[in-house]
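Each chain is listed here by its residues.
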Amino acid sequence: MSKEVINVGGEDRVVREDTAKSYRGTVWALLSVLGFIIVLAILFIVFFGKSLTDSRPNESPSQIENRRQ
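Attention in this report is confined to the structure presented alongside it. (Residues numbered from 1 in each chain as written. Predicted model: local features only at pLDDT ≥ 70, side-chain atom pairs only at ≥ 80, totals over all residues. Heavy atoms only, no water.)

1. Some thoughts on the overall build of the protein chain
This is how the line gets drawn: Secondary structure elements are taken from DSSP: a helix is a run of H or I of four residues or more, a strand is a run of E of two residues or more, and numbering for both begins at the N terminus. Radius of gyration here is computed from C-alpha atoms only, and the compact-globule reference equals 2.2 Å multiplied by the residue count raised to the power 0.38. Exposure classes here rest on a 1.4 Å probe applied to the protein chains alone. A residue is buried below 20% of its type maximum, exposed above 50%, and partly exposed in between.
In terms of regular secondary structure, the protein chain is built from two helices and two strands. Along its sequence from the N terminus, the protein chain presents helices and strands in the succession β-β-α-α. In terms of C-alpha radius of gyration, the protein chain reaches 25 Å, well past the compact-globule figure of 11 Å for 69 residues. Dimensions along the principal axes, computed over C-alpha positions, put the protein chain at roughly 75 × 20 × 15 Å. Going through the 69 residues of the protein chain one by one, you find that 4% of them count as buried.

Structure representation (structure tokens):
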């Protein structure tokens, strides 16, 4: 069986090849999920940030329509 070295908690460990691939896959998956969460947070701030700081959040649709005319 082939052996590979992985770094866990600052120390190198010699493990089987399938264990090393599994470890790298898990790290990659966690980083991908973290990246996805960061992108969602940025999109939330960009698209909904204006409504969070709106000075007139309780205005009814009819008031908005009257103001537009």
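Moving on from the model shown.
2. Description of helix H1 (residues 17-52)
Put simply, the rule is: To estimate how far a helix should extend, the number of its residues minus one is multiplied by 1.5 Å. Bend, at a single residue, is the angle you get between axes fitted to the 7 residues ending at that residue and the 7 residues starting at it.
With 36 residues, H1 ought to run about 52 Å at 1.5 Å a step, and its terminal C-alpha atoms sit 50 Å apart, in line with that. Where H1 bends most, at Val46, the angle is about 40 degrees.

3. Things to note about the pattern of salt bridges
For clarity, the threshold we go by: Any carboxyl oxygen of Asp or Glu that lies within 4 Å of a side-chain nitrogen of Lys or Arg is treated as forming a salt bridge with it.
One pass over the structure, following the stated rule, counts five salt bridges. Arg24 serves as the salt-bridge partner of Glu4, at 2.9 Å between the closest nitrogen and oxygen. Remark: Arg24 occurs in helix H1 and Glu4 occurs in strand E1 (residues 3-8); sequence separation between them is 20 residues. Accessibility expressed as a relative area gives 22% for Glu4, which makes it partly exposed. Across the pair Arg16 and Asp18 runs a salt bridge, and its minimum N-O distance is 3.0 Å.

4. Some words on the packing of aromatic side chains
Our working rule: Whether two aromatic rings pair depends on their centres lying within 6.5 Å, for rings of Phe, Tyr and Trp, where Trp uses its six-membered ring; planes under 30 degrees apart make the pair stacked, over 60 edge-to-face, and the rest tilted.
Throughout the structure, instances matching the rule amount to one aromatic pair. With a centroid separation of 5.4 Å and an interplanar angle of 45 degrees, the aromatic rings of Phe44 and Phe48 are classed as tilted. One end of the pair, Phe44, and the other, Phe48, are both in helix H1, four residues apart, so they sit about a helical turn from each other.

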